[in-house]
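Observations on the three-dimensional arrangement
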Amino acid sequence: MAKVALITGITGQDGSYLSELLFKKGYEVYGLIRRASTFNTKRIDHLYRDPHEQNVHLKLVYGDLNDASSLNRIIKTIKPEEIYNLAAQSHVRVSFDIPEYTSEIGALGATRLLEAIRDSGIKTKYYQASSSEMFGNSKDFPQNEKTPFYPRSPYAVSKVYAYWITVNYREAYNIFACNGILFNHESPRRGETFVTRKITLGLARIKHGVQKKLFLGNLDAKRDWGFAGDYVEAMWLMLQQKKADDFVVATGETHSVKEFLAEAFGYAGLDWKKFVEIDKRYFRPTEVDCLIGDSSKARKSLNWKPKVKFKDLVKMMVDSDMDLVKKELYGEKGRK
Ligand code: NDP
Ligand code: GDR
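Structure report, in brief. If you're wondering where the values come from, they're calculated on a predicted model, not measured in any experiment.

What counts, and at which threshold
Residues numbered from 1 in each chain as written. Chains lettered and ligands numbered in written order. Predicted model: local features only at pLDDT ≥ 70, side-chain atom pairs only at ≥ 80, totals over all residues. Heavy atoms only, no water. 1 Å grid on protein atoms, 1.4 Å probe; cavity = no way out; pocket = protein on both sides within 12 Å on 5 of 7 lines; lining within 4 Å. Points joined across faces, edges and corners; volume = space filled by probe spheres on them. Helix = DSSP H or I, 4+ residues; strand = E, 2+ residues; numbered from the N terminus. Nonpolar A, V, L, I, M, F, W, Y, C, P; charged D, E, K, R; others polar. Domains from an automatic or database assignment. Axes fitted to C-alpha atoms, helices over the stretch in contact; angles between N-to-C directions. Parallel < 35°, antiparallel > 145°, perpendicular 65-115°, else oblique. Left-handed = near helix turned anticlockwise from the far one by under 90°. Contact = heavy atoms within 4.5 Å. Patch = residues over 30% accessible without salt bridge, like charges linked within 9 Å, V, L, I, M, F, W, Y side chains within 5 Å. Areas by Shrake-Rupley, 256 points an atom, 1.4 Å probe, with all protein chains shown as cover. Salt bridge = Lys/Arg side-chain N within 4 Å of Asp/Glu carboxyl O. Buried < 20%, exposed > 50% of the residue type's maximum accessible area, 1.4 Å probe, protein only. Phe/Tyr/Trp six-rings, centres within 6.5 Å; stacked < 30°, edge-to-face > 60°. Lys NZ or Arg CZ within 6 Å of the ring centre and 35° of its normal. Expected span 1.5 Å × (residues − 1). Near = heavy atom within 4 Å. Polar contact = N/O pair within 3.5 Å; in protein donor to acceptor, adjacent residues only side chain to side chain. Pairing = 2+ DSSP bridges. Right-handed = clockwise from strand over helix to strand, strands pointing away.

Over the atoms, a rolled probe matching the size of one water molecule traces out where space is still vacant. Taken as a whole, the second largest pocket encloses approximately 420 Å³ of empty space. In terms of lining residues, the second largest pocket is bounded by 15 residues, among which K42, R43, P188, R189 and R197 are the most central. Counting residues per element, the lining of the second largest pocket draws most heavily on helix α11 (residues 310-330), at five residues. Among the residues making up the lining of the second largest pocket, the classes are represented as three nonpolar, three polar and nine charged. If you count residues domain by domain, the lining of the second largest pocket takes at least three from each of domain 1 (4-187 + 225-249) and domain 2 (195-222 + 254-290 + 308-330).

See the structure below:
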C-alpha cells in the first residue's frame, strides 16, 4: 500500500518539488488547495494532468489554514501518514502590510493543523516549514539549531510562534513533529516577487528588449541561497527518522544581492549597473542583513547535503527565464 501524504502549500514553489519527490518514492499525495478566482496550479499542473504518468495520483482537496473545520475533516478523511505544512503568506516585505493575516496563517494555521492531528487521534508525522528568518538580527554566524531567534518582521515572528507550537505538541502530546529551519531556497519556480526570481526574470526581459530597468531595494543584504529541489529532500528525510527533531538546512555560503546581480547579468553578458535602479518601496522597516547557515546536524544525522552550487543555481534560473520570455514572445518553439 502506498504511503499517504498531505501537503499544505501545494501550489507554491516547495509544494511542487516536494510532491514530485513523493511521487518518485511511490506516495499517494494529497494537496490542500484554497479557492482562487483564477487558476493558480501552474506549478503542479504536470502532476495531475498527464495521463501517461503511471505513478502520479495528485489529489487536490479544498481547505484553508484559516478554516479549522476543513482541516479537521480532511485529516480525518485522508488519514495521512505524513503531513507537510508548507502553507504561509511567505513574503517578508508584504508581512509588514498584512501582519495580522500573516500571523493568522503562519502561526495559528500551524496550531489548527496540530490540533486537528491531536483531535483525530491518528498517528501521523508532521513537518513544519520553519525559516532562517527566525534568526533575523542574530549576530552569531553561522546560525545553527542552538542560535537564539531574533525575528525582524511579522512573518518571522509568526514563524517563531509556529516553531515553538510544533516543539510544544511534540513534547506535550508525543506527536512526531519536526521543524525544518530552511534557509532561502530558489528555483525557476520561485515566486516572481522574491529577489532572485525578480532579478532573473527582469534580466531575461531586459535581454529580450521588453523591459528597460529593474527596480530593487536593499542590494547589500546577504543570504544563504540553495536550490529548492535539494531542500525538499531534507524535509522528507526528517520524517523518516526514528525520533522527531529540528534541523537547519543551508548551504553554508552567503552572497549579497549585488553578487547575485553580478553573477546573473554577467552570465547574460550584461553589466547590471546599467539596468538596476533603487526604489525605496522595496526597503523593509527592519531588514535582515546577513544569514548564513550551519547545517552540520542535517548533514550528519540525515546524511543530507546540497547538490546545486550558487553559480549553477543562478544559471539554472537565468536559462529558464530566458526560455520563458522567448516563449512569451515567440510562442512555444521560442523562434526568433
Ligand atoms: P510560496 O509562497 O511559493 O507558497 C506558499 C503556499 O502557501 C502557496 O501554495 C499558497 O497558496 C499557500 N497558502 C497561503 N495562504 C494559505 C492559506 N490561508 N491556506 C492554505 N494555503 C495557503 O512559498 P514557498 O514554497 O517558497 O515556501 C514554502 C513554505 O516554506 C512557506 O511556509 C515558507 O514560509 C517557508 N519557507 C520558505 C523558504 C524559501 O526560501 N522558499 C525558506 C524557509 C521557509 P496560493 O497559491 O493559493 O497562494
Ligand atoms: P527573504 O527573500 O526576505 O529572505 O525571504 P526575498 O527574496 O524577498 O529578499 C531577500 C533580500 O533581498 C532584498 N531585496 C529585495 N527583495 C525583494 N523581494 N524584492 C526586491 O526588489 C528586493 N531588493 C532587495 C530584501 O530586502 C532581502 O534582504 C524568503 C522567503 O521565501 C521567506 O518565506 C523565507 O522564510 C525566507 O526567504 C528564508
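Moving on to the packing of helix α9 (residues 257-267) against α11. Where α9 contacts α11, the axes come no closer than 10 Å and their chain directions differ by 55°. Compared by their axis directions, α9 and α11 come out oblique. Between α9 and α11 lies a crossing whose hand is right-handed. Residues E259, F260, E263, A264 and Y267 of α9 lie in contact with α11, whose contacting residues are F310, K311, V314, K315, M317, V318 and D319. Tallied by class, residues from the contact of α9 with α11 come to seven nonpolar, no polar and five charged.

A cluster of nonpolar side chains, contributed by V94, I98 and Y101, occupies part of the molecular surface with about 200 Å² of accessible area. Position of I98 among the secondary structure elements: in the loop between α4 (92-95) and α5 (99-120). Exposure remark for I98: the relative accessible area of 34% places this residue in the partly exposed category.

Moving on: the packing of aromatic side chains. This model, assessed by the stated rule, comprises 12 aromatic pairs. An angle of 40° between the planes, with centres 6.0 Å apart, marks the rings of Y84 and Y127 as tilted. Residue Y84 is found in strand β4 (residues 82-85), and its partner Y127 is found in strand β5 (residues 125-131); the two are separated by 43 residues along the sequence. In this structure Y127 comes out as buried when scored by relative accessible area, which is 0%. Put simply, the rings of F135, F149, Y163, W164 and F183 pair up and form one aromatic cluster. One Lys or Arg, R189, reaches over the ring of Y17 and ends 4.1 Å from the middle of that ring. The ring of Y282 carries K198 above its face, with NZ or CZ at 3.3 Å from the centroid.

Okay, helix α8 (residues 228-239) next. An α-helix turns once per 3.6 residues; consequently, residues spaced three or four apart project the same way. The end-to-end C-alpha distance of α8, which contains 12 residues, comes to 18 Å, matching closely the 16 Å that a straight helix rising 1.5 Å per residue would cover. Buried within α8 we find A228, G229, D230, Y231, V232, A234, M235, W236, L237, M238 and L239.

Next up on the list: the site of ligand 2. Neighbouring ligand 2 are 22 residues, the closest being S90, S131, Y155, R284 and E287. Between ligand 2 and the protein, one listed contact pairs a nitrogen atom with a backbone N or O atom of G217 at 2.8 Å. Contact with the protein chains hides 96% of the accessible area of ligand 2, taken as 700 Å² for the molecule alone. Considering only residue class, the shell around ligand 2 consists of eight nonpolar, eight polar and six charged.

Before going further, it helps to spend a moment on the side chain of S19. Take S19: it is sitting in helix α1 (residues 13-24). A polar contact is formed between the side chain of S19 and the backbone oxygen of S16, at a distance of 3.3 Å. Setting aside anything within four residues of it in sequence, one finds S19 in contact with I7, I10, V29, I44 and L47.

So, on to the sheet that holds strand β11 (residues 246-249). Strand order in the open sheet made by the seven strands is β3-β2-β1-β4-β5-β6-β11, with parallel pairing throughout. Strand pairing shows two members of the sheet lacking a second neighbour, β3 (59-62) and β11, which therefore form its edges. Strand-to-strand twist of the sheet, defined as the mean angle between neighbouring strand axes without regard to direction, takes the value 20°. Taken strand by strand, α1 contacts β1 (4-8), β2 (28-33) and β4, and its axis lies near 175° from that of β1. Along the sheet face, α8 touches β4, β5, β6 (176-182) and β11 and points at about 155° away from the line of β6.

A word on the pairing of β1. Among the five residues in β1, five count as buried, and that is most of the element. Of the two faces of β1, both are covered, the one formed by V4, L6 and T8 as well as the one formed by A5 and I7. Viewed along the sheet, the connection from β1 through α1 into β2 turns out right-handed. Pairing geometry for β1 and β4, over four bridges, is parallel. Residue pairing in the sheet places L6 in a bridge with I83 of β4.

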